[in-house]
2 protein chains.
Amino acid sequence: MSFTLELVIAAGVLAVLYGIVQTAALLRESPGNAKMQEIAAAIQEGAQAYLKRQYTAIAIVGVVVLIALYFLIGGYSAAGFLIGAVLSGAAGFAGMLISVRANVRTAQAASESLAKGLKLAFTSGAITGLLVAGFALIGVAGYYGYLTQVQGLAPADRHVIDGLVSLGFGASLISIFARLGGGIFTKGADVGGDMVGKVEAGIPEDDPRNAATIADNVGDNVGDCAGMAADLFETYAVTTVATMVLAAIFFGGSALLPSIMLLPLAICGVCIITSIIGTFAVRLGKSGSIMGALYQGLIVTGVLSAIALWFLIPALVTEPLTVNAGTPLEKTFDSMSLFYCSMAGLVITALIVMITEYYTGTNFRPVKSVAQASVSGHGTNVIQGLAMSLEATAAPALVIIVGIIVTYNLAGLFGIAIATTAMLSLAGFVVALDAFGPVTDNAGGIAEMAGLPPEVRVTTDALDAVGNTTKAVTKGYAIGSAGLGALVLFAAYTEDLKYFAANATPGSFFDGLGAVAFDLSNPYVVVGLLFGGLLPFLFGGMSMTAVGRAAQSVVVEVRRQFRENPGIMTGEVKPEYGRAVDILTKAAIREMIVPSLLPVASPIVLFFVINAIAGKVDAFACVGAMLMGVIVTGLFVAISMTSGGGAWDNAKKVIEEGFTDSDGVLHGKGSEAHKAAVTGDTVGDPYKDTSGPAVNPMIKITNIVALLLLAVLAQQ
Amino acid sequence: MSFTLELVIAAGVLAVLYGIVQTAALLRESPGNAKMQEIAAAIQEGAQAYLKRQYTAIAIVGVVVLIALYFLIGGYSAAGFLIGAVLSGAAGFAGMLISVRANVRTAQAASESLAKGLKLAFTSGAITGLLVAGFALIGVAGYYGYLTQVQGLAPADRHVIDGLVSLGFGASLISIFARLGGGIFTKGADVGGDMVGKVEAGIPEDDPRNAATIADNVGDNVGDCAGMAADLFETYAVTTVATMVLAAIFFGGSALLPSIMLLPLAICGVCIITSIIGTFAVRLGKSGSIMGALYQGLIVTGVLSAIALWFLIPALVTEPLTVNAGTPLEKTFDSMSLFYCSMAGLVITALIVMITEYYTGTNFRPVKSVAQASVSGHGTNVIQGLAMSLEATAAPALVIIVGIIVTYNLAGLFGIAIATTAMLSLAGFVVALDAFGPVTDNAGGIAEMAGLPPEVRVTTDALDAVGNTTKAVTKGYAIGSAGLGALVLFAAYTEDLKYFAANATPGSFFDGLGAVAFDLSNPYVVVGLLFGGLLPFLFGGMSMTAVGRAAQSVVVEVRRQFRENPGIMTGEVKPEYGRAVDILTKAAIREMIVPSLLPVASPIVLFFVINAIAGKVDAFACVGAMLMGVIVTGLFVAISMTSGGGAWDNAKKVIEEGFTDSDGVLHGKGSEAHKAAVTGDTVGDPYKDTSGPAVNPMIKITNIVALLLLAVLAQQ
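Residues numbered from 1 in each chain as written. Chains lettered and ligands numbered in written order. Predicted model: local features only at pLDDT ≥ 70, side-chain atom pairs only at ≥ 80, totals over all residues. Heavy atoms only, no water.

Going by what an unreviewed UniProt entry lists, chain A is known as K(+)-insensitive pyrophosphate-energized proton pump and is assigned to Phenylobacterium ferrooxidans. The annotation that UniProt attaches to chain A under Function (unreviewed entry) is "Proton pump that utilizes the energy of pyrophosphate hydrolysis as the driving force for proton movement across the membrane. Generates a proton motive force." In UniProt, chain A has this text filed under Subunit (unreviewed entry): "Homodimer." (UniProt positions renumbered as here; feature names shortened; annotations may be inferred.)

Undergrad: I would appreciate a short explanation of the interface of chain A and chain B in the present structure.
TA: By a frequent convention, interface size equals the accessible area lost on bringing the separate parts together. With 70 residues of chain A at the contact, the number on the chain B side is 70 residues. Roughly 6,100 Å² is buried in total at the junction of chain A and chain B, and carbon and sulfur atoms are behind 81% of that figure. Among the residues of chain A in contact with chain B, L520, L530 and F537 of chain A are the three that bury the most area, contributing 12% of the side total. Across the contact surface, chain A and chain B share zero salt bridges. If you look at where chain A meets chain B, you find eight residue pairs in polar contact (both at pLDDT 80 or more). Mapped by element, the contributors of at least two residues to the side of chain A that touches chain B are α5 (158–201), α11 (378–391), α12 (394–425), α14 (454–502), α15 (523–564), α17 (577–614), α18 (616–656) and α19 (672–715) of chain A. Sort the elements by how many residues they give to the side of chain A that touches chain B and α15 of chain A lands first, with 18 residues. (Contact = heavy atoms within 4.5 Å. Buried area = accessible area lost by both parts, 1.4 Å probe. Salt bridge = Lys/Arg side-chain N within 4 Å of Asp/Glu carboxyl O. Polar contact = N/O pair within 3.5 Å; in protein donor to acceptor, adjacent residues only side chain to side chain. Helix = DSSP H or I, 4+ residues; strand = E, 2+ residues; numbered from the N terminus.)

Undergrad: I'm lost on the pattern of salt bridges in this one. Help?
TA: For side chains bearing opposite charge, pairing can occur when the charged atoms are close. All names here are of chain A. This structure, assessed with the given rule, holds 60 salt bridges over all chains. Taking the shortest distance from any N to any O, the salt bridge between D685 and K688 comes out at 3.1 Å. Of this pair, D685 and K688 are both found in helix α19, three residues apart, which corresponds to roughly one turn of the helix. Accessibility expressed as a relative area gives 3% for D685, which makes it buried. (Buried < 20%, exposed > 50% of the residue type's maximum accessible area, 1.4 Å probe, protein only.)

Undergrad: Could you clarify how one ought to interpret the packing of helix α10 (residues 365–375) of chain A against α11 of chain A in this entry?
TA: The description of two packed helices rests on the angle between their axes and on the distance between the axes. Residues and elements named next belong to chain A. Between α10 and α11, whose axes approach to 7 Å, the crossing angle comes to 160°. With respect to α11, the axis of α10 lies roughly antiparallel. Like other packed secondary-structure pairs, α10 and α11 cross with a definite hand, here right-handed. Along its contact with α10, which presents R365, P366, S369, V370, A373 and S374, the element α11 presents T380, N381, Q384, G385, M388 and E391. In terms of residue class, the contact of α10 with α11 is made up of four nonpolar, six polar and two charged. (Axes fitted to C-alpha atoms, helices over the stretch in contact; angles between N-to-C directions. Parallel < 35°, antiparallel > 145°, perpendicular 65-115°, else oblique. Left-handed = near helix turned anticlockwise from the far one by under 90°. Nonpolar A, V, L, I, M, F, W, Y, C, P; charged D, E, K, R; others polar.)

Undergrad: Honestly, the relation of the copies chain A and chain B in this entry has me stumped. Any pointers?
TA: After a rotation of 180° and a shift along the axis of 0.0 Å, chain A superposes on chain B with an RMSD of 0.0 Å. Such values leave the two copies arranged in the relation of a two-fold axis. Residue D519 of chain A, judged by its C-alpha, is the member of chain A lying nearest the rotation axis, at 2.1 Å. Most of the interface of chain A is mirrored in chain B: 100% of its interface residues are interface residues there too. (Least-squares fit on C-alpha atoms with pLDDT ≥ 70 in both.)

Undergrad: I'm lost on the UniProt feature "site: Determinant of potassium independence" (unreviewed entry) in chain A in this one. Help?
TA: All names here are of chain A. UniProt's feature table lists "site: Determinant of potassium independence" (unreviewed entry) at K471, given in the numbering used throughout. Counting through the fold element by element, K471 comes out in helix α14. Overall, K471 belongs to the buried group, its relative accessible area being 6%. Those residues within four positions of K471 in sequence are excluded, and the remaining contacts are D224, D434, G437, P438 and D689. Side-chain polar atoms of K471 contact the side chain of D224, separated by 3.2 Å.

Below, the structure is given as structure tokens:
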């Protein structure tokens, strides 16, 4: 077994090596002329300054949590938390460091050819993606190896489980802050800059006279790159951990336990290698379709992964397994069932990608209907966008429902876990698709500000439009996998509860607890569902308000600069870009704290309140239901926000490229329809880039906190 | 017992008599000058024509369902369905008939004094409210009396239960069509008329040159009056029925059963009388506060109801009762506990009214923040409105959560039912507050079109602004009570299931079913939750799209009339108002069918699919969870839509009255901020008047269909 765990870690190291080698190659590319380098340097500086401040602020919260975990659970747990938090932060930082260097080189490459621009932008995304996957795998597999082989703990030992769950918590806590802080920064800059620049001053997007321009580009890097990287790191690590925890609980008594614990790690390891191969398959074909080139890579990765898993799973699962023996959920299955579950995970990924592309791509009914609605005004644009955002939740939810039924019938609750792991194992490649977007967005901004010829902007715009869709697609993937991952965490919660109740020492908290039923006919379960259900709505409301406030402060600042320094408008004086960055930094860090702590505090507060009213059994049932409530409404809120936002964004792009409405009238840039579409895009910005994606770590953090709460109570 | 049931029916008759007497008084008021009467006649004609067509279309669906019920369950069930459907339709029709006569008289009264305008508008609302409550009470109590006393069936006989549930189904089916059809009509006219009139042609709202003006006023009557009346009729009838069904199941073996079955009816009867008294307490005080006058009436009604219930409940519940004996949910309680539950219902009503007023009233942070956000543009207005709409769900959900915990601890599941009944028993008065809004809205429109002096419009505008808040407030009440009512229906589903399983004849469908657990650790329960959760989102998306399409067809028609007949713009030629009414009628009826059938078909389809995959037990569990999923997401979706829409509407009103922003700049009608606020208002229109309120019957219809599904399966 130790041989294979080492292979897994080797796969993680390989991913990091890929990152290093590709980064070196990237840095050898031309960073363009002096003007471009100057702009890029300003973006770099702002992004680094922001992330340093953000991580310093998070570190304060992190240290408090670290100390609390040390005293409440123990050293292994605290160490796990530290590893998760540091690696999650590192993944975010690395994502930012790469993208602020890739942006200017992509702008330069785009001035040579579309193929070269695509190659550079995608490579930088792939570096981030594989670093994220590599860090996560090294972290989880390395700590697991340390605990079981260096410390000699049994694979299913509570110290191992608590340590791994704490690692997931560290990753989650950092990622919710990073997602939210970065999201508030980027959309505060974007919305605020557009309002005062495009609407009031009448200057184009990315115009160097706008004091918020650098901040806008900084935002792409700290929000869409760093925040997203931390988020996917978290989903990857947490899903792997949750699957391992389930394995430890289900198969604690089986001789196969070490192999099964290894299974999720091995799946991830194998798929890192297929992802690396897939990155080389991204090549602009004769058709010149950018999306086609990216999908080619995704398909190669998927097919190779399927083949690899066909060999891998039977090698580890050498005999039939049984879960939930003696309960209505009992299920016996063999390695082939688990292989089919992993295939289900890949199919779910493919379907969610297709559905999201349908709702956000420029060629399909939803985006076209939003563009058409823009013709009759701002109001109808927003109505149609909201209608599409609501509708867009149905098909992904049905896919997830079918996925649950199929995998559950194949291999019980463990089947759902393996499908989710397989889905997540492609994260290395999927992050590459996602990180591609902000890099091309930045490249366009740099081209504009540096006054490169308009053809360059056309090339970067083509890349950027694809980036909008891939960003939406990967968000759909992240949320779908987070929803399934959260179900695995919920299963871990219920199974952990059974374990603690069955193994309670006399006089301890769990002593005499008995069975906890999560039956919907228990009003406390309904209370939990409703309480959990309100969290994504409240969180969404708070984060939307935060973006509004941050944007407002940007508007005030940019207006002040225009007013106090008339030379800015004539182009004689450079605006003070740093001031806008600075103001947003403060606003984002201030605004991220309260909403991020909401999901951390909620399960704890709810547990103690219900415990005081109705006792332990109902309190555990209520908290469990709360987890499910967060998953259910969170899934819909997040999908509706990210899909709706993507549709609005691309409806604007459709009109900018010249949209012929149902009466045959052509609408283009600057038309009334375009203004209406800009309104929709502005609304969609915080929807798709702040609130929606942040719901994702939010769902999981509530689940992990509940798991840790059990561990803490078990010590009492 | 029969004596008291007759008293209940007498209270219902009294409500109808109140309606008849007040209507006669109303009709004696002056209907204004010839021009006003001409306009009012056009609105009347359009509204009647639409409702006739709508009810004809619904009747086709209704007859199919009637025949199906007759053959699947039996005659009592079919008759109940017919009673519920006909009375629900009658309530809607009556609401429309009153309001199309009250509007012009209110316009005339407003030209005399504010106090007189208020009196007339409120009286017309009160007529509708008491007719709704009276019809519902006569229907439920009358049919129950017929079944138990004329037919001699036992109160807990399955024929009685099935008959009452079918009565609820009839009410629900009509009400979802009426809510949705009316909502699509009214908002299609409103959004479409504003877009082409205000935005394109630059003419004010309600300008007689706009061909959609009459249709807009027709919409207020068929949507906000008739649709709302049908909806509240449904909530009232269904809640009473659900409480009676729970009583029959819980206390089937108790000697007190007849009294307990009567309890919800008696509560409603008593509160009809207190509501009538309350309507006389609505008087404009020295302060001239319209809202104050309305609240005065509500408070009088509430206090008198509390006193009456203090006497009523102990008179019927003469000894302690036990529910769910032998299960973890077992609870014994006495009449005082039930009295406290009814008080909890009144307190929940008061709190929800206060919270909704906070989120939609012009004096508080949310509406002011939306007005402030309008200053920086369309996009920020919409962002802030969405933020508020999301945030607005949290406090009502917490109130409901606390309400569930308190009433459950007082009297188990039956306590929740009694609290909901008490909450609904005020419907007579609450509908009066709601129906007040569209009447004043219409009065303003008539004043504008008839060219009455501007002071009249100022008076009607003051009434209308209050109407916006009361409409939002009563929607919050309707949804809160629907959420609780749905929980009672869910309890009826689970208890019914137990009953059928325990009393199955050998070889029947329920034979050997055993216990059905709705445990969240069963994946089919999760599947049900997710499937139920997606319904309100999908339904919301479909209905928003429908409004957009209807509005689009209005835009095309009004544009055509302006183009083909230039005399309209100069005021020489009257536009063809009837054409716009006609087009909307067709659009609304066409668009209402599919979304309305979604919640009817869903439980049936889901049951048979899961039954085929996993068998009966999991299929019942899955359908049960689906009901809960609809309740959970439906509650949040509906509250966010109605509160958000109210906030947008009043933010526009705040700016129209002159809004001083945080920089001290004044914004008024026609300013850029006002245009942004109009966009928000347009978005909020279908949110608050179509999709949001229609979610309300949608939640309940899924629950009732599931209950009927059990009854049908029990016959197999």
